[in-house]
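# Architecture and fold: a report
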Amino acid sequence: MELIQQTPDLSAYLAADDVIDHGHPCVRATAARLAKDAEDSYAYARLAFEFVRDAIPHSQDVGDPRVTWRASDVLEQGTGICYAKAHALAALLRAEDIPTALCYQRFDVVHGLVAVRFNGAWHRQDPRGNKPGVDAQFSLEGERLAFLPDPESNEMDYPVLYAEPHPAVLSALKAAPDRPYLWQTLPTAL
């Protein structure tokens, strides 16, 4: 699949906003802590991915009712669903000047992940969190995502790389008072 930048301006994939708030002290402190153990930007990206994937549980997997959507809140509260975890990873990567896009797949509902730009190409990564049957890994040599769409079941990869969260995703997150409510209002398509 050919990934398509929503905007040709690569700087948009380094920008901070209300969601990917990589200027926030919590994001900066986490990025600095991870960066001290990385010898280069690739190693940092892998460490940041593994941190978000492993240290921040997917709220559905652990039964956490809280809904986070802002990157700093995900890091401070230590919880989030796929979209929120993607926002946190994007903030950590952008904090270290690694262009990062948000991207999506469609299953029963829309699933969120990121793409990082290395060596002139975009590489999708899924920080959702591993569990039995899910083994996502950081890779620039072939995707190692949490889930693979089945086209016969009307599942798909969306090719667009967004600089900001898709409005349908952000609206669902912001409107949800808790995760059970969110589960009833997750977007089913973009």
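You'll find the structure just up there.
So, a few notes on the structure that sits alongside this text. Computed from a prediction, not measured in an experiment: that's the story for all the values here.

## A word on the packing of helix α2 (residues 41-55) against helix α5 (residues 82-95)
- In contact at an axis separation of 10 Å, α2 and α5 are set at 155 degrees when each is read in the N-to-C sense. One way to sum up the angle between α2 and α5 is to call them roughly antiparallel. For α2 against α5, the interelement crossing comes out right-handed. On α5, the residues that touch Tyr-44, Ala-45, Ala-48, Phe-49, Phe-51, Val-52 and Arg-53 of α2 are Lys-85, Ala-88, Leu-89, Leu-92 and Leu-93.

## Comments concerning the pairing of strand β4 (residues 121-125)
- Within β4, four of the five residues are buried, which leaves it mostly tucked inside the rest of the structure.
- Across five bridges, strand β3 (residues 110-118) lies against β4 in antiparallel orientation. Across the sheet, Phe-118 pairs through a bridge with Ala-121, a residue of β4.
- The hairpin turn running from β3 into β4, its antiparallel successor, is two residues long, and Asn-119 in that turn takes a positive phi close to 55 degrees.

## Observations concerning unusual backbone geometry
- One non-glycine residue, Asp-97, lies in positive phi territory at about 60 degrees.
- Inspection of the secondary structure assignment puts Asp-97 in the loop between α5 and β2 (100-106).
- Taking relative accessible area as the criterion, Asp-97 reaches 62% and is therefore assigned exposed.

## Thoughts on the packing of aromatic side chains
- A full pass over the atoms with the stated rule returns seven aromatic pairs.
- Taken together, Tyr-42, Phe-49, Phe-118 and Phe-138 form an aromatic cluster joined through their ring pairs.
- Taking NZ or CZ as reference, Lys-174 lies 4.7 Å from the ring centre of Trp-69, over its face.
- Sitting over the face of the ring of Trp-183, Arg-179 holds its NZ or CZ atom 5.9 Å from the ring centroid.

## Some thoughts on the environment of Arg-117
- Within the secondary structure, Arg-117 sits in strand β3.
- C-alpha separation for the pair Arg-117 and Leu-93, spaced 24 residues apart in sequence, amounts to 10 Å.
- Not counting chain neighbours up to four residues away, the residues in contact with Arg-117 comprise Gln-5, Leu-10, Ile-98, Pro-99 and Trp-122.
- Among the polar contacts made by the side chain of Arg-117, one reaches the main-chain carbonyl oxygen of Gly-120 at a distance of 3.1 Å.

## Description of the side chain of His-87
- As for its position among the elements, His-87 is in helix α5.
- The residues contacting His-87, other than those within four sequence positions of it, are Val-19, Ile-20, Trp-69, Ala-71, Leu-102, Pro-165 and Leu-173.

## Things to note about helix α1 (residues 25-35)
- Turning to α1, its buried residues are Cys-26, Val-27, Thr-30, Ala-31 and Leu-34. Burial along α1 is one-sided: seen end-on, the buried residues are contained in an arc of 130 degrees.
- Elements in contact with the buried residues of α1: α2, α4 (71-77) and α5.

Calculation notes
- Residues numbered from 1 in each chain as written.
- Predicted model: local features only at pLDDT ≥ 70, side-chain atom pairs only at ≥ 80, totals over all residues.
- Heavy atoms only, no water.
- Axes fitted to C-alpha atoms, helices over the stretch in contact; angles between N-to-C directions.
- Helix = DSSP H or I, 4+ residues; strand = E, 2+ residues; numbered from the N terminus.
- Parallel < 35°, antiparallel > 145°, perpendicular 65-115°, else oblique.
- Left-handed = near helix turned anticlockwise from the far one by under 90°.
- Contact = heavy atoms within 4.5 Å.
- Buried < 20%, exposed > 50% of the residue type's maximum accessible area, 1.4 Å probe, protein only.
- Pairing = 2+ DSSP bridges.
- Phe/Tyr/Trp six-rings, centres within 6.5 Å; stacked < 30°, edge-to-face > 60°.
- Lys NZ or Arg CZ within 6 Å of the ring centre and 35° of its normal.
- Polar contact = N/O pair within 3.5 Å; in protein donor to acceptor, adjacent residues only side chain to side chain.
- Arc of directions from axis to C-beta.

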